[in-house]
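# Secondary and tertiary structure notes
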Amino acid sequence: ILIPSTSTSITHTHTQASLCQAAIDEYISSPEKGQFVNYRTLPDIMWETILPKHFDLDVGDADIENMKKVSQVYSKGFKGDILWEDDTKRKQERATNGIKEAADLFLKPRFDKMEKYNEGGAAAAAAGGLVEEEEEEEAATEKPEDR
């Protein structure tokens, strides 16, 4: 797949992949300090897993109800009165073929890796779980101008 490196959106996709890779590298070095969270599992994962298991915090019913209430509105620059709606499908429909190809090439391998680490936890990272896959993917996901 040849992807023009001059496209701003594609460059952003590659930048996002680099950030994901940095998170993966950090997780491998200190898996006990972090947890990958799939956006689709929010907000429930906060009170079901992250707060009680990762941070060892007791979460009461009132806390959960408050988190549910707060999570129903947008948090990005709004005054808290606009209800949150999942816009994933709309964003995917608006993405150009080039962006979709770049996401498949640069982001998907890293997303899949984060999901595997999320499933396998610290044990997978400590065992070096995905080292061979990482080397193969690194070669496959170089920017075209770096080949």
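Residues numbered from 1 in each chain as written. Predicted model: local features only at pLDDT ≥ 70, side-chain atom pairs only at ≥ 80, totals over all residues. Heavy atoms only, no water.

### Some details on the overall build of the protein
A tally of regular secondary structure across the protein gives six helices and zero strands. Out of the 147 residues in the protein, the part that is buried amounts to 23%. Look at the contacts in the protein between residues 6 or more apart in sequence, and 54% of them connect residues 24 or more apart. Working note: accessible area of the protein is about 10500 Å², and carbon and sulfur atoms make up 53% of it. (Helix = DSSP H or I, 4+ residues; strand = E, 2+ residues; numbered from the N terminus. Buried < 20%, exposed > 50% of the residue type's maximum accessible area, 1.4 Å probe, protein only. Contact = heavy atoms within 4.5 Å. Areas by Shrake-Rupley, 256 points an atom, 1.4 Å probe, with all protein chains shown as cover.)

### Digging into a nonpolar patch on the surface
On the surface, a cluster of nonpolar side chains totalling about 370 Å² of accessible area is made up of Val37, Tyr39, Leu42 and Trp84. The exposure class assigned to leucine 42 is partly exposed, which follows from its relative accessible area of 37%. (Patch = residues over 30% accessible without salt bridge, like charges linked within 9 Å, V, L, I, M, F, W, Y side chains within 5 Å. Salt bridge = Lys/Arg side-chain N within 4 Å of Asp/Glu carboxyl O.)

### Re the pattern of salt bridges
The full count for this structure, using the stated rule, is four salt bridges. Salt-bridge contacts for aspartate 87 lead to lysine 91; the nearest nitrogen and oxygen are separated by 3.4 Å.

### A few points about the packing of helix 2 (residues 44-54) against helix 3 (residues 61-70)
For the pair helix 2 and helix 3, interaxial distance at closest approach is 10 Å and the crossing angle is 120 degrees. Comparing the axis directions of helix 2 and helix 3 gives the class oblique. For the pair formed by helix 2 and helix 3, the contact residues are Met46, Trp47 and Leu51 on the first element and Ile64, Met67 and Lys68 on the second. Residues belonging to the contact of helix 2 with helix 3 are distributed by class as follows: five nonpolar, no polar and one charged. (Axes fitted to C-alpha atoms, helices over the stretch in contact; angles between N-to-C directions. Parallel < 35°, antiparallel > 145°, perpendicular 65-115°, else oblique. Nonpolar A, V, L, I, M, F, W, Y, C, P; charged D, E, K, R; others polar.)

### Side note on the layout of surface pockets
There is about 1800 Å³ of room inside the largest pocket. Listing elements by their share of the lining of the largest pocket, those giving two or more residues are helix 1 (8-29), helix 3, helix 4 (88-94) and helix 5 (97-126). The biggest single contributor to the lining of the largest pocket is helix 5, with eight residues. Looking at the lining of the largest pocket residue by residue, the class counts come to 18 nonpolar, seven polar and nine charged. (1 Å grid on protein atoms, 1.4 Å probe; cavity = no way out; pocket = protein on both sides within 12 Å on 5 of 7 lines; lining within 4 Å. Points joined across faces, edges and corners; volume = space filled by probe spheres on them.)

### Notes on helix 2
Those residues of helix 2 that sit buried are Ile45, Trp47, Ile50 and Leu51. Structurally, helix 2 contributes buried residues whose contacts are with helix 3. Two residues or fewer past helix 2, aspartate 56 is found with a positive phi of approximately 55 degrees.

### Topic: the nonpolar core
Counting twelve residues, the largest nonpolar core is built from Ile10, Ala17, Cys20, Ile24, Tyr27, Phe36, Ala102, Leu105, Phe106, Leu107, Met114 and Tyr117. Of all the secondary structure elements, the ones that give two or more residues to this core are helix 1 and helix 5. (Core = buried A, V, L, I, M, F, W, Y, C linked by side-chain atoms within 4.5 Å.)

### Structural notes on the confidence of the model for the protein
Predicted confidence across the protein gives a mean pLDDT of 79, with 71% of residues reaching 70 or more. The low-confidence segment residues 1-6 (pLDDT under 50) makes ten contacts with residues lying over four places distant or belonging to another chain. (pLDDT = per-residue confidence, 0-100.)

### Here we look at the environment of valine 59
Along the polypeptide, valine 59 turns up in the loop between helix 2 and helix 3. Assessed through its relative accessible area of 23%, valine 59 is described here as partly exposed. Between the alpha carbons of valine 59 and tryptophan 47 there is a distance of 6.5 Å; along the sequence they are twelve residues apart. The residues contacting valine 59, other than those within four sequence positions of it, are Trp47, Leu51, Pro52, Ile64 and Met67.

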